[in-house]
Amino acid sequence: MSKRSSCSAGRLLLSPAVFTMSRIVGIDLGTTNSLVAYIDPQTNEPKCIPGPYGSTLCPSVVSLDADGSVIVGEAAKRRLLTQPERTIYSVKRLMGRGSADVQSELKLFPFRIDPNSKNVIRVQLGDKYFTPPEISAFILRELKNWAEAALGEKVERAVVTVPAYFNDAQRQATKDAGKIADLEIVRLVNEPTAAALAYGLHEKQRGHVAVYDLGGGTFDISVLKLISTSEGDIYQVLATNGDTHLGGDDIDNLLQSLVREKIRQEHGVDISTKPEVAQELRKALIAAKHQLSTESNVDIRFPLPNGAVFATAISREHFDNLIRPIVDRTMAPVKAALADAKLTPAQIEEVVLVGGTTRTPLIRSTVREFFGRAPHTELNPDEVVALGAAVQANILERGVSNMLLLDVTPLSLGIETYGGAVSKIIPRNSTIPASAQEQYTTGVDNQTGIDIHVLQGERELAKDCRSLARFTLKTVPAPAGLPRIEVKFLIDASGILQVSAKDLRTGEEHSIEVQPSYGIGDAEIERMLEDSIEYAEQDFAERQLIEARTESESILAATLKGLATPDAAGLSAEERGKIEASAAVLREAVAGTDYKLARKRIDELNHATEHLAELLMNSAVSSALQGRKLAEV
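Conventions we followed
Residues numbered from 1 in each chain as written. Predicted model: local features only at pLDDT ≥ 70, side-chain atom pairs only at ≥ 80, totals over all residues. Heavy atoms only, no water. Helix = DSSP H or I, 4+ residues; strand = E, 2+ residues; numbered from the N terminus. Areas by Shrake-Rupley, 256 points an atom, 1.4 Å probe, with all protein chains shown as cover. Axes fitted to C-alpha atoms, helices over the stretch in contact; angles between N-to-C directions. Parallel < 35°, antiparallel > 145°, perpendicular 65-115°, else oblique. Left-handed = near helix turned anticlockwise from the far one by under 90°. Contact = heavy atoms within 4.5 Å. Core = buried A, V, L, I, M, F, W, Y, C linked by side-chain atoms within 4.5 Å. Buried < 20%, exposed > 50% of the residue type's maximum accessible area, 1.4 Å probe, protein only. Expected span 1.5 Å × (residues − 1). Arc of directions from axis to C-beta. Polar contact = N/O pair within 3.5 Å; in protein donor to acceptor, adjacent residues only side chain to side chain. Pairing = 2+ DSSP bridges. Nonpolar A, V, L, I, M, F, W, Y, C, P; charged D, E, K, R; others polar. Salt bridge = Lys/Arg side-chain N within 4 Å of Asp/Glu carboxyl O. Phe/Tyr/Trp six-rings, centres within 6.5 Å; stacked < 30°, edge-to-face > 60°. Lys NZ or Arg CZ within 6 Å of the ring centre and 35° of its normal.

Here we look at the overall build of the protein chain
Counting its regular elements, the protein chain contains 15 helices and 27 strands. In the form shown here, the protein chain has an accessible surface area of approximately 28500 Å², with 50% of it arising from carbon and sulfur atoms.

What follows is the structure in structure tokens.
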């Protein structure tokens, strides 16, 4: 068998036609939270866009209302407690994966998988089923709405980040989500690479950088080399490694498992059979975890359904001992990435921490001890990836030519050869965009076709690697060893693979863009996109009504609480009557479907409660002043 191979990589440059197109935003589609960012034209700095609740974090949570409307973000997150059977979180763990791949997740997450799911997983929300890309599309569409509201223009294109260790199926599923959301994903960028862009380390330091990224559901470690040349700055990913089953969720699940067992032993209550209580407990334990990042001890008191109260205390030392095995698990990929890059910890000049979970003190101390230097933590670890995506979006949008981003493919790609062996055509950690080709021949006389089986993985046998695609190239019958078949692999800048095979003797050729085993077909994507356009007006009205209902719930609760305080005695009977009447008509309005009427009733209640708000404010100020005087005495 003769071989000839070639590889190539290109700059990230676009034609001038880009300048006439719409703005490109950067999106971090995360397991726990998602964000959207852009380059502020006033400061020329990346900036995350806040949503309607004032936070830049959009919880990656989707809920299906009883009337069929879809709720995303903070409002959906609240429904994890009240309607867990209609709500899903951490769906990123399911992207591009089959039913057999997610059995371990089903034990830890309330995913309800359609038993009839085949290649594409379908998750049940209420009485409907959705694929993971569809659910992710709801999140992307929400972020798209945030950006359009903030920028005052239509947003149609985005750079979206993915874990560096996402395989082809997971990357393709992410691009599918963009299509469903009517958002063109112009580039997929590895999250650690985006973090390096956000920090702009090229402006401060030349050399090797390690990016340690521990988010809610995935862990990535990337080793980059930052180079300054006469033509500009180069970001080159030397090696990447990670674990798509490791993240902050694992810490949450560990705490839940331990506390649930303790509750069962001490109080005889099985939380796992009570979804709403389980979600309330999860919320309390996550709050305790956050508290332990800044405090040495935390007390937990949790009311149980039988009227008892579960109480326990967790110290920082105890917490560190619990999670140390999880933290230690991150260090194996770190060591592997350094070995692939042929570097030692001492040769790493800068270390960057990314992901909300890296706020954990044990993680910071472990990373500091391993590399022998304090890691960078200047930027908000929740926002840094989105900020980097915005930088990359700006590079593409403006055609910046003095910055070169060289990413790598995380796993080897090849084909199955005679006997079930694997011939690797593009090795792992190869710089992308890239192409490679090799020649093969037949192993049996008079073959009329050659089965091209595309594989991904590091094992030597096809049965141990992940199958990405199959196709057949027709050949003219000939003795074994005579045909010359050229197989060419091309990976674009987003890590998506195209494969072609050509019979050099006859010119017969077949090519395919690899649609992963767990991807979504073009016809189904087209149907979903048409649905999103057809129901756009209806979806907007439902969204407005949901927001009005959410706001009214908060206002009504605050009003009821205010009327029950002693300060409300300062209201006249007429004022109290107006407030109660306004609250009643607001309840009636939000029970209907007219969001404009609901908004009108909210304004009326706000006006009716102005005097009550004044009384409550005066009381609060008086109490604060009195407390200050007592302190001075």
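Examining the packing of helix 3 (residues 132-151) against helix 4 (residues 168-180)
Interhelical geometry of helix 3 versus helix 4 gives an angle of 55° and a closest axis separation of 8 Å. Taken together, the axis directions place helix 3 and helix 4 in an arrangement best described as oblique. The two elements helix 3 and helix 4 cross, and the hand of that crossing is right-handed. Residue-level contacts link Pro 133, Glu 134, Ser 136, Ala 137, Leu 140 and Arg 141 of helix 3 to Ala 173, Asp 176, Ala 177, Gly 178 and Ile 180 of helix 4.

Some details on the nonpolar core
Val 25, Ile 27, Val 36, Val 62 and Ile 88 are the most contacted members of the largest nonpolar core, which has 49 residues in total. Ranked by residues supplied to this core, first place goes to helix 3 with nine residues. One finds Leu 246, Val 259, Leu 281 and Ala 288 within the second-largest nonpolar core, a separate group that totals 43 residues.

Details of helix 14 (residues 595-608)
Taking 1.5 Å of rise per residue, 14 residues should cover 20 Å, and helix 14 covers 20 Å from first to last C-alpha, within 8% of that figure. Residues of helix 14 that are buried: Tyr 595, Ala 598, Ile 602 and Leu 605. Down the axis, helix 14 shows its buried residues gathered within 75° of arc, on one side only. Facing away from the buried surface of helix 14 by more than 90 degrees, the exposed residues are Lys 596, Asp 603 and His 607.

Focus: the environment of Leu 338
Considering the arrangement of structural elements, one finds Leu 338 in helix 8 (residues 316-341). Taking the relative accessible area as the measure of exposure, Leu 338 reaches 4% and is therefore buried. Separated by 116 residues in sequence, Leu 338 and Ser 222 place their C-alpha atoms 8.7 Å apart. Those residues in contact with Leu 338 that sit more than four places away from it in its chain are Val 223, Leu 343, Thr 344, Pro 345, Ile 348, Phe 370 and Phe 371.

Quick notes on the environment of Thr 441
As for its placement among the helices and strands, Thr 441 is situated in the loop between strand 22 (434-440) and strand 23 (449-456). For Thr 441, the side chain forms a polar contact with the main-chain oxygen of Pro 483, separated by 2.7 Å.

Some remarks on the pairing of strand 17 (residues 350-354)
Among the five residues in strand 17, five count as buried, and that is most of the element. By the alternation rule, side chains of strand 17 split into Glu 350, Val 352 and Val 354 and Val 351 and Leu 353, which are all buried. Pairing of strand 12 (residues 207-214) with strand 17 involves five bridges; the strand directions are parallel. Counted as the bridge partner of Val 211 is Val 352 from strand 17.

Considerations on the packing of helix 8 against helix 9 (residues 361-371)
Where helix 8 meets helix 9, the axes come as close as 9 Å, and the angle between the chain directions of the two elements is 40°. When the axis of helix 8 is compared with that of helix 9, the two are oblique. For the pair helix 8 and helix 9, the crossing hand works out as right-handed. Contacts between helix 8 and helix 9 involve Arg 316, Asp 320, Ile 323, Arg 324, Val 327, Met 331, Val 334, Lys 335 and Leu 338 on the former and, on the latter, Pro 361, Leu 362, Ile 363, Thr 366, Phe 370 and Phe 371. By residue class, the composition of the contact of helix 8 with helix 9 is ten nonpolar, one polar and four charged.

A short note on the pattern of salt bridges
Once the charged atoms of two side chains with opposite charge are near each other, the side chains can pair. Enumeration over the complete set of coordinates arrives at 14 salt bridges. For Arg 93, the salt bridge goes to Asp 250, with nearest N and O atoms at 3.4 Å. With Arg 93 in the loop between strand 7 (87-89) and helix 2 (103-106) and Asp 250 in helix 6 (residues 248-267), this pair connects stretches of sequence that are 157 residues apart. Arg 93 gets classed as buried once you look at its relative accessible area, which sits at 6%. Taking relative accessible area as the criterion, Asp 250 reaches 15% and is therefore assigned buried. Across the salt bridge formed by Glu 551 and Arg 599, the nearest N and O atoms sit 2.5 Å from each other. Pair noted here: Glu 551 is in helix 12 (residues 536-563) and Arg 599 is in helix 14, with a separation of 48 residues, a long-range link. Judged by its relative accessible area of 32%, Glu 551 falls in the partly exposed class. Taken together, the shared-partner salt bridges connect Arg 93, Asp 249 and Asp 250 into one network.

Some remarks on unusual backbone geometry
Of note, Asn 44 is a non-glycine position whose phi angle comes to about 60°, a positive value. Summarising the element assignment, Asn 44 is placed in the loop between strand 2 (33-40) and strand 3 (45-48). In this model, Asp 182 sits at a positive phi of 60°, which is unusual for a non-glycine residue. The class of Asp 182 is partly exposed, set by a relative accessible area of 39%.

With respect to the packing of aromatic side chains
Under the criterion given, the structure shown has three aromatic pairs. Relative to Phe 138, the ring of Phe 130 lies with its centre 5.7 Å away and its plane at 75°, an arrangement referred to as edge-to-face. By relative accessible area, which is 9% here, Phe 130 ends up buried. In this arrangement the basic side chain of Lys 92 is found over the ring face of Phe 166, its NZ or CZ atom lying 5.9 Å from the centre. The ring of Tyr 89 carries the charged tip of Arg 282 above its face, separated from the ring centre by 4.2 Å.

A closer look at the sheet that holds strand 20 (residues 421-426)
Spatially, 20-19-23-24 is the arrangement adopted by the four strands of the open sheet, whose pairing is antiparallel. The sheet is open, and its two edges are formed by strand 20 and strand 24 (466-474), each paired on a single side. Here the average twist between neighbouring strands, direction ignored, is 30°. Bridge count between strand 23 and strand 24: eight bridges; the pairing is antiparallel. Bridging from a neighbouring strand, Ile 452 pairs with Phe 471 of strand 24.

A short note on the environment of Asp 182
With respect to the secondary-structure elements, Asp 182 resides in the loop between helix 4 and strand 11 (184-190). Separated by 26 residues in the primary sequence, Asp 182 and Glu 156 have C-alpha atoms spaced 7.2 Å apart.

Considering the side chain of Asn 241
With respect to the helices and strands, the residue Asn 241 is situated in strand 14 (residues 232-243). Ignoring anything within four residues of it in the chain, the contact list for Asn 241 reads Tyr 165, Phe 219, Asp 220, Ile 221, Pro 333, Ala 336, Ala 337, Asp 340 and Arg 428.

Considering the sheet that holds strand 5 (residues 61-64)
The sheet built from three strands is open, its strands ordered 6-5-7 with antiparallel pairing. Edge positions in the sheet fall to strand 6 (70-72) and strand 7, since each has one partner strand and no second. Strand-to-strand twist in this sheet, taken as the mean axis angle between neighbours without regard to direction, amounts to 20°. Judged from the three bridges that link them, strand 5 and strand 6 form a sheet pairing that is antiparallel. From the neighbouring strand, Ser 63 faces strand 6, where its bridge partner is Ile 71.

Purely geometric numbers; function is a separate question.
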